[in-house]
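# Per-entry structural report
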Amino acid sequence: MTDVDSGAGMGADDDFEALLAESFISQEQLEGRVVHGTVVAIENDNVVIDVGLKTEGRISTREFGKVGEEIAVGDAIEVFLERIENALGEAVISREKARREESWNHLEVAYDKAEQVDGSIVGRVKGGFTVDLSGAVAFLPGSQVDIRPIRDITLLMGIPQPFKILKMDRRRGNIVVSRRAVLEVTLAVQRTELVSNLAEGQVLEGVVKNITDYGAFVDLGGIDGLLHVTDMAWRRINHPSEALTIGETVKVQVIRVNAETQRISLGMKQLLEDPWEGIKVKYPLNAKFNGRVTNITDYGAFVELEPGVEGLVHVSEMSWTKKNIHPGKIVSTSQQVEVMVLDVDPERRRVSLGLKQCMENPWEEFIAAHPVGSEVEGEVKNITEFGLFIGLAFELDGMVHMSDIDWDKAGEEAMKAYAKGDMVKAKVLDIDISKERISLGIKQMSGDPFSEADTMKRGNVVTCTVAAILDRGIEVTVGDGLRGFIRRADLSRDRSEQKPERFAVGDKLDAQITSIEKNTRRLALSIKAREIKEEKEAVQQYGSSDSGASLGDILGPAMGRARELADADEDEDDDAEPDYGDTQVEPIVEAEDAAPEVEAEAAEPEAAPEAEAAPEAEAEPEAEAEPAAADDDEKTED
């Protein structure tokens, strides 16, 4: 072998080794990628594809049938090379994965450019749907299907339609798409064009697309308008489904157009005749009509006079007698009632109606049957802090104020004698129809006992009956129940007899009126004043200066001392005994009252000498001094 041959052989070996090394490097780099291949044979259910690299692979014909591809020998096709050789010495390839890789490459470009992609909804999963994007599987959330919630999505399944990619992660194989975003863009363009061509008052035709509790959405050909329930008809409609159905074609009028928010308000009743035209002529005041109750609220009931015209019967105009009661307990929905027109306001589209005005007024009937001053009888329905409510005829109630229950007892004390259910008699004092009030009085059933006091004067002597025994005196009644009081110090002139316990309830006694107290409705009486008055009258009747020596000459010194002692006793009585109200008894001490027995002796024909009379006059005051001291001790013990 020559050197030349030797060099040439060495060069050929190096080239082969380099080519062999390059082929191995290329095989490793091609795994996991899409490669070009040629269909060399179709055997039963497999397609044999030559991918080069001195190896072939097999793909099931089902992978081609999913997309409707037609395969023939000699066709060039792209496949995904998973690995070079398997256990059989063949390449592992996949047409489906190849399409997926192609789709991902296309989707990445569309995602970067924010372009729409085509796909089809193929299945339902939790929270949404699956979408086939030319081999790549994406997730469509339920909230991204349409602009408004759709209950049935069957019509959208398997239909090619555009989607927008919201999120994409190739490493994890996640794609999130939205159909709603595509519709919003399309709708925005259509709205802008349609809104620019709309004008208020324009009449259009549309299709009812959706119905809610407050109205219906009408499709005007690419844009939706809201038809509110109050604009569907002049009459009251409780729910839009009463007047419309989904898919129905309706004629509407454009009421308002907001170019900024692209909101359109529609109306149907505006295309009909307004029943409120000439409403005052059709429904004059105080006229009566028949209507149907359409709605009941807490404040009244609505009555339909004609389709589109309703009036309100306020709860205060429903019944003459039933107050603070829910209207539903007086009338019911769909009930036919007779009402009177009370007021009509065409501008505010309001009619005020009255239900009770079509019934007999029980107040007028009550006045006719029971005028002021007549007597009534009823049951105590309620007791409040200010009086009694009495149930009367014609389902009316009258009130007896606490001040009209008893002549003498205070209001709260007088109400304690009554309970719910008691039957009472009362006199009608006043009737106010405008305020719907009847004032009654129980005490007026009997005469005012204090009225007798108008015929009495201070100083009169009256006969009393003992009503109660108290420590500070006795309570008495005069005449037909006039109340009076005799304090302890006024029970007798004799201090030893000034004891309330010596009297008993029911005893009759005479006393002098010392004071008439109109504010407390009582008399202040005194037995002591009566005794003094009687002694004074006896002295004036039987005593005389012509019967010998005068009493002043005989009893002068003794009368002076007796007067001083009497004045001292009166002062002690005022301090020791409690007063009753403002009662004051004026002490009556006269010269003739000092010694009536001596005065009787002086009236005899033979008068005693002056020297002998003086000792007797002096002895009498000393005899009275001891009981006075004893009385003071007794008062201290009391």
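Cut-offs and rules
Residues numbered from 1 in each chain as written. Predicted model: local features only at pLDDT ≥ 70, side-chain atom pairs only at ≥ 80, totals over all residues. Heavy atoms only, no water. Helix = DSSP H or I, 4+ residues; strand = E, 2+ residues; numbered from the N terminus. Buried < 20%, exposed > 50% of the residue type's maximum accessible area, 1.4 Å probe, protein only. Contact = heavy atoms within 4.5 Å. Areas by Shrake-Rupley, 256 points an atom, 1.4 Å probe, with all protein chains shown as cover. Pairing = 2+ DSSP bridges. Axes fitted to C-alpha atoms, helices over the stretch in contact; angles between N-to-C directions. Phe/Tyr/Trp six-rings, centres within 6.5 Å; stacked < 30°, edge-to-face > 60°. Lys NZ or Arg CZ within 6 Å of the ring centre and 35° of its normal. Expected span 1.5 Å × (residues − 1). Polar contact = N/O pair within 3.5 Å; in protein donor to acceptor, adjacent residues only side chain to side chain. Core = buried A, V, L, I, M, F, W, Y, C linked by side-chain atoms within 4.5 Å. Salt bridge = Lys/Arg side-chain N within 4 Å of Asp/Glu carboxyl O. pLDDT = per-residue confidence, 0-100. Arc of directions from axis to C-beta.

### Looking at the overall build of the protein
Helices and strands together make up the secondary structure of the protein, namely 11 helices and 30 strands. Residues counted as buried form 36% of the 638 residues belonging to the protein. Considering only contacts in the protein between residues 6 or more positions apart, those separated by 24 or more positions represent 60%. Surface summary for the protein: the accessible area is close to 37,300 Å², and the carbon and sulfur share equals 48%.

### Overview of the sheet that holds strand β28 (residues 482-487)
As summarised here, the arrangement of the 5 strands in space is β26-β27-β28-β30-β29, forming a closed barrel in which the pairing is mixed. Between one strand axis and the next, the sheet turns through 50° on average, direction left out of account. Sheet analysis places strand β27 (residues 473-478) next to β28, joined by 6 bridges and oriented antiparallel. Considered in β28, the bridge of Ile474 is made with Ile486.

### So, the packing of aromatic side chains
Under the defined criterion, the tally for this structure stands at 3 aromatic pairs. Seen from their ring centres, Tyr299 and Phe302 are 6.4 Å apart, and the 85° between their planes marks the pair as edge-to-face. A relative accessible area of 43% places Tyr299 in the partly exposed class. For Phe302, a relative accessible area of 17% corresponds to the buried category. For the pair Phe386 and Phe389, a centre-to-centre distance of 6.2 Å together with 80° between the ring planes defines the contact as edge-to-face. For Phe389, a relative accessible area of 25% puts it in the partly exposed group. One residue, Arg236, lies across the ring of Phe302, its end atom 4.7 Å from the ring centre.

### Remarks on helix α8 (residues 527-542)
The first and last C-alpha atoms of α8 sit 23 Å apart over 16 residues, in line with the 22 Å expected at 1.5 Å per residue. Regarding α8, its N-cap is Ser526, as a side-chain oxygen of that residue lies 3.4 Å from the backbone nitrogen of Lys528 further along.

### Side note on the nonpolar core
Formed by 21 residues in total, the largest nonpolar core has its most connected members in Phe366, Leu388, Ile390, Leu392, Val400, Ile438 and Leu440. Every element with two or more residues in this core is listed here: α6 (362-369), β21 (375-383), β22 (387-391), α7 (411-415), β24 (423-432) and β25 (437-441). The dominant element in this core, judged by the number of residues it contributes, is β24, at 4 residues. Other than its neighbours up to four places away in sequence, Leu388 contacts Asn382, Ile383, Gly398, Met399, Val400, Ile405, Met415, Tyr418 and Ile442.

### Here we look at the side chain of Arg487
Tracing the sequence through the fold places Arg487 in strand β28. Within the structure, Arg487 has its side chain in polar contact with the side chain of Asp490 (distance 2.9 Å).

### A look at the pairing of strand β12 (residues 215-219)
Here β12 lies mainly inside the structure; 4 of its 5 residues are buried. Alignment of strand β11 (residues 203-211) against β12, held across 4 bridges, turns out to be antiparallel. Note on β12: the bridge partner recorded for Val207 is Asp219. Linking β11 to β12, which pair antiparallel, is a turn of 3 residues. Connecting the antiparallel pair β12 and strand β13 (residues 224-228) is a turn made up of 4 residues, with Gly221 showing a positive phi of about 100°.

### Here we look at the sheet that holds β22
Sheet architecture is closed into a barrel: 5 strands sit in the order β21-β22-β23-β25-β24, paired in mixed fashion. Looking at each pair of strands side by side, their axes are set apart by 55° on average, direction ignored. Sheet topology note: the β21/β24 ladder contains 5 bridges and is antiparallel. Bridge assignment links Glu379 to a residue of β24, and that residue is Met423.

### Here we look at the pattern of salt bridges
In total, this model carries 13 salt bridges according to the counting rule given. For Arg349, the salt bridge is made with Asp274, and the minimal N-O distance between the two is 2.5 Å. Residue Arg349 is located in the loop between β19 (336-345) and β20 (350-354), and its partner Asp274 is located in the loop between β15 (263-267) and α5 (279-282); the two are separated by 75 residues in the primary sequence. Taking the relative accessible area as the measure of exposure, Arg349 reaches 36% and is therefore partly exposed. One salt bridge in this structure joins Arg487 and Asp490, with 2.9 Å as the shortest N-O distance. Accessibility classification places Arg487 together with Asp490 in one group, the buried group.

### Structural notes on the confidence of the model for the protein
Counting all residues, the mean pLDDT for the protein is 76, and 72% of those residues have values of 70 or more. Residue range residues 544-560 is modelled with pLDDT below 50. Its contacts to residues more than four positions away, or to other chains, number 19 contacts. Note on residues 570-638: pLDDT is under 50 here. Beyond four places in sequence and across chains, it has 80 contacts.

### Digging into α6
Burial in α6 covers these residues: Pro362, Trp363 and Phe366. Angular distribution of buried residues about the axis of α6 spans 100°; they occupy a single face of the element. Of the exposed residues in α6, the ones pointing more than 90 degrees away from its buried face are Glu364 and Ala368. Check the buried side of α6 and you find it contacts β21, β24 and β25.

### Here's the deal with unusual backbone geometry
Unlike most non-glycine residues, Ser334 shows phi in positive territory, near 75°. Here Ser334 lies in the loop between β18 (309-314) and β19. For Ser334, a relative accessible area of 46% puts it in the partly exposed group. With a phi angle near 55°, Glu436 is a residue other than glycine that sits in the positive phi range. By the secondary structure assignment, Glu436 is in the loop between β24 and β25. For Glu436, a relative accessible area of 22% translates into the label partly exposed.

### Observations concerning the pairing of strand β14 (residues 249-258)
Direction of pairing for β11 relative to β14: antiparallel, over a ladder of 5 bridges. Counted as the bridge partner of Val207 is Thr249 from β14. In this sheet, β15 lies alongside β14 in antiparallel orientation, the contact comprising 5 bridges. Of the residues in β15, the one forming a bridge with Gln253 is Gly267. The loop that links β14 with its antiparallel partner β15 comprises 4 residues; one of these, Gln262, has a positive phi angle of about 55°.

### Points about the environment of Ser439
Mapped onto the elements, Ser439 comes out in strand β25. According to the relative accessible area criterion, Ser439 is partly exposed, its value standing at 30%. For Ser439 and Gly398, which are 41 residues apart along the polypeptide, the C-alpha to C-alpha distance reads 5.8 Å. With near-sequence residues (within four places) excluded, Ser439 lies in contact with Met399, Lys427, Val428, Leu429 and Asp430.

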